[in-house]
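# A look at the structure
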Amino acid sequence: MPKLNSFKGKALITALLLLLNFRSPAQKVKLGISYASSIYSNKERFEFTNGEQTIVLDFQHPAVYFSKEYQAGQPYSISQLSGPRPVTFLDQQRGTMGNEDKLLMANCGHPPLTIYKLKVIGVEQGETFKFSDNYRRTYNIPISTTTNLGGYPRGDDYLISQTEGPRQCRLSFNQGIVGENSITVQADCRKVTSTNPPAPQHRFDLVTRSSDNKIFNTYYESSMPVIGGKGEDEARYVAFVMYGKNIDGSNGNYRQIFWRDRKAGITKLISKSATGEQGNGNSFSPSISTDGRFIVFETYATNFSGTDNNTVRDIYLWDKTTEQLTLISKSISGTTANGESYEPVISGDGSTIAYTSNASDIVKLEPVFNTPNVYVCDVNGGSTAFITKDFETGKAAGGYAPSISDDGTKIAFCAYTSRLVKNDVNNLWDIFLWQRGAPALKRISMTASGGERNQGTESSSRVVWPSISGNGEFVVFATTATNMENAEDKNNAQDIFIYNTLTDHVKRVTKANDLSEPNGDSPVGQGERIGISYDGSWIAYNTNATNLGVPKGNIVIQSTQDGRIIPITTSTYGSTARPMLSRYGNYVTAGCSEKYDQRFPSSGIFVIYTDKGPCISCNE
């Protein structure tokens, strides 16, 4: 056997002795719990204990460790203390710790899921847009397509955001509270081809004037303007009520409906018979299609139809291409209905008309029925149906004040009845939503938490005009109720609220730029109709508040997204009437008692350029 080198041999022996005699301290390890699923509610929390400490598993803490350190070989035991559901573990709840940290997978389940989709348009060749949601899921979109986003727990807050891309996309329906109905989030990634229009030469354009600019009607002789036009022709067309003496054949004896093409400078009397005879009674409440071709209105005139002998208001449709009137509120037999019809609105595409009527022969109503009711007329097909049906019997239950979406598939209206939906027990007026193809009406004038609102300082049966956005996503209405939001409402005034028809989310819009409460009613009139842009991002109203950036009685527009307020009129005297908003929010039309258009010595109805350019991209 060879001899070891003396020095090396001693070193080796020393090392062996140290190894044999070494005793390492017990290794410390940790115990934790993690969600087993990648989808879990952002509103839920679960508590667990190891017998000594408590930890909480929630959306912000999807994996949590006890602070206690264990030794390898030491026993552990986990139990659930609280949570919306019993939890099952994919690993053993009791066992012995090993040499490494142990993270137990907990199957906590989740509320029922609603599937969401993402529709992306405007992606050009070679481009990729990236999106993410608040559940840490990401989506890469290289083409224009509709993709499945997966399930979202009902009752949760959801948010879909763009994270990357060659340009910013315009997102719609991308945040809110998850409901029962599936939602398609819209991402418009098109390159901007139409932006804020150039400022017109004159910010104020008086429209209550003759085509030759020689005859004017004042603020007190005109009312109820509505505005049409899109793209480069935004706000080109205006319809309104006016006495209009000596304007296009009117003798000024009755209020008539006039139509003005601002681009061509033409003002037409449209409430006249096929032979050119002006209406022999007052006409009111015009509504205009987007392209300005169609006007629908109510009238007491009896000389527009050879069978009009009911002596009450009827609904007529004017077509610019034929310059003829068509009776809309007709009975089953084709004659004028046996009760008055009023409050007409026409869809932006001109395909559908909704109106209110006290008649009982427009469709066959089964007794016992209530009136008035809201009717829907298919202009091209000629059929008419009523939508204010008792949820149990299908009989006429009553309703009024309709507002219609651009394609005619959604109608918001008001009613003072408890028979349109289940569990309506507040004994107050309410706003309802009808959707074509949906089996039932939806009550939308509920509080943010889904409860009954209180009466506030208003009449329980007042007429409240809802306004639905052209795209059908939003409805705005006014109320003095003080419990609409979770935040306390202390201003003792009428406020404007906006409801999202896809997420069921409701919030108050009317707050000052510093978020303080208005110190007066908005709008000025009780339950008055509010102007709203096509996409619901802007509203227009006049206000009695003095802390919204304008003196009392003036007009503002306000962003429904960030709450920003832009003054439109700032008069310290005089008054304004109900404003309506153009398609993209770049123009307001309203009656004003001041002579705003310096070219003409008259008050009246004006189209007012909003100056700040609300339209960022006028693509739809």
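Structure shown above.
The present account deals with the structure reproduced in this document.

Let us look at the state of the cysteines. This model, assessed by the stated rule, comprises 1 disulfide. One disulfide bridge connects Cys169 with Cys189, the sulfur atoms lying 2.0 Å from each other. Its torsion about the S-S bond being 105°, the disulfide of Cys169 and Cys189 is classed as right-handed. With Cys169 in the loop between strand S14 (157-164) and strand S15 (170-172) and Cys189 in the loop between strand S17 (183-188) and strand S18 (204-206), this pair connects stretches of sequence that are 20 residues apart. The class of Cys169 is buried, set by a relative accessible area of 6%.

The next point concerns unusual backbone geometry. Cis geometry is found at the peptide bond from Thr371 to Pro372, where omega equals 0°. Mapped onto the elements of the fold, Pro372 is located in the loop between strand S28 (352-357) and strand S29 (373-378). Cis peptide bonds are those with omega within 30 degrees of zero, and the linkage from Ser522 to Pro523 qualifies with -5°. On the secondary structure map, Pro523 appears in the loop between strand S38 (506-508) and strand S39 (531-532). In this structure, Ala235 is a non-glycine residue whose phi angle is positive, near 70°. As for its position among the elements, Ala235 is in the loop between strand S19 (222-228) and strand S20 (237-242).

This brings us to the sheet that holds strand S31 (residues 400-404). Read from one edge to the other, the open sheet built from 4 strands follows the order S31-S32-S33-S34, with strand pairing classed as antiparallel. Looking at the sheet topology across the chains shown, the edges are occupied by S31 and strand S34 (442-443). By the bridge criterion, 2 bridges tie strand S33 (residues 430-435) to S34 in an arrangement that is antiparallel. Looking at S34, one finds that Phe432 is bridged to Arg443.

For the rest of this paragraph, the subject is the nonpolar core. Phe48, Ile78, Phe131 and Tyr152 are the most contacted members of the largest nonpolar core, which totals 42 residues. The dominant element in this core, judged by the number of residues it contributes, is strand S1 (residues 28-35), at 4 residues. Beyond its immediate chain neighbours, meaning those up to four positions away, Ile78 contacts Leu31, Ile33, Phe48, Thr49, Asn50, Phe66, Phe89, Gln93 and Leu104.

For the rest of this paragraph, the subject is the sheet that holds strand S3 (residues 54-58). In spatial order, the strands read S3-S2-S6; together these 3 strands make up an open sheet with antiparallel pairing. With one partner strand each, in any of the chains shown, S3 and strand S6 (79-82) form the two edges of the open sheet. Strand-to-strand, the axes of this sheet are offset by a mean angle of 35°, without reference to chain direction. Bridge count between strand S2 (residues 45-49) and S3: 5 bridges; the pairing is antiparallel. In the sheet register, Thr49 faces S3, and the bridge partner there is Thr54.

Moving on, we come to the layout of surface pockets. Approximately 950 Å³ is the volume attributed to the second largest pocket. As for the second largest pocket, its lining consists of 44 residues, of which Val226, Ser287, Val345, Arg529 and Met580 are closest to the centre. It is S19 that provides the largest number of residues to the lining of the second largest pocket, a total of 6 residues. The residue makeup of the lining of the second largest pocket, split by class, is 19 nonpolar, 17 polar and 8 charged.

Now for the pairing of strand S23 (residues 283-288). Most of S23 sits out of view: 6 of its 6 residues are buried. As paired strands, S23 and strand S24 (residues 294-299) are joined by 4 bridges and run antiparallel to one another. In the strand pairing of S24, Ile288 is matched with Ile295. The hairpin turn running from S23 into S24, its antiparallel successor, is 5 residues long, and Gly292 in that turn takes a positive phi close to 75°.

This part is about the side chain of Thr479. Among the secondary structure elements, Thr479 is positioned in strand S36 (residues 474-479). In terms of polar contacts, Thr479 uses its side chain to reach the backbone amide nitrogen of Ala481, at 3.1 Å. Here Thr479 is in contact with Trp429, Arg453, Glu458, Arg462, Met484, Ala493, Gln494, Asp495 and Phe497, once residues within four sequence places are set aside.

Attention shifts here to the pairing of strand S27 (residues 341-346). Counting buried positions over the 6 residues of S27 gives 6, a clear majority of the element. Of the pairings in the sheet, the one linking S27 to S28 comprises 4 bridges and is antiparallel in character. The residue bridging Tyr342 from the neighbouring strand is Thr356, located in S28.

Further remarks concern empty space enclosed by the protein. By the definition in use, this model includes 1 cavity of 30 Å³ or more. If you go around the largest cavity, the residues you meet are Thr482, Met484, Glu485, Ala487, Asp489, Phe497 and Arg508. Tallied by class, the residues present in the lining of the largest cavity amount to 3 nonpolar, 1 polar and 3 charged.

Procedures and definitions
For every chain, the first residue of the written sequence is number 1, and numbering continues from 1 along that sequence. Where local features are concerned, this predicted model is filtered to residues with pLDDT of at least 70; where side-chain atom pairs are given and counted, the filter is 80 or more; whole-chain, interface and lining totals use all residues. As a rule here, side-chain values cover all heavy atoms of the structure and leave hydrogens and water aside. Any cysteine sulfur atom paired with another within 2.5 Å is treated as part of a disulfide. Each helix is a run of H or I in the DSSP string that is no shorter than four residues. Each strand is a run of E no shorter than two, and both are numbered from the N terminus. Each residue's exposure class comes from its accessible area (1.4 Å probe, protein chains only) as a fraction of the maximum for that residue type: buried when under 20%, exposed when over 50%, partly exposed otherwise. Pairs of strands are assigned from DSSP output, requiring at least two bridges between the strands. Here the nonpolar core consists of buried residues drawn from Ala, Val, Leu, Ile, Met, Phe, Trp, Tyr and Cys, with membership extended through side-chain atoms lying within 4.5 Å. Contact criterion: two residues are considered in contact whenever any of their non-hydrogen atoms come within 4.5 Å of each other. As a rule, the C-alpha atoms of each element are fitted with a line to give its axis, helices using only the stretch in contact, and angles between N-to-C directions run from 0 to 180 degrees. Only protein atoms enter the 1 Å grid used here. Points where a 1.4 Å probe fits but cannot escape make up a cavity, open sets with protein on both sides within 12 Å along at least five of seven lines make up a pocket, and a residue lines them when an atom lies within 4 Å of a point. Grid points are joined across faces, edges and corners, and a volume is the space filled by probe spheres set on the points. Three categories are distinguished: nonpolar for Ala, Val, Leu, Ile, Met, Phe, Trp, Tyr, Cys and Pro, charged for Asp, Glu, Lys and Arg, and polar for the others, with Gly belonging to the last. Two N or O atoms count as a polar contact when they lie within 3.5 Å, although within protein this holds only if one can serve as hydrogen donor and the other as acceptor, and sequence-adjacent residues are included solely when both atoms are side-chain atoms.

By themselves, these figures tell us nothing about what the structure is for.
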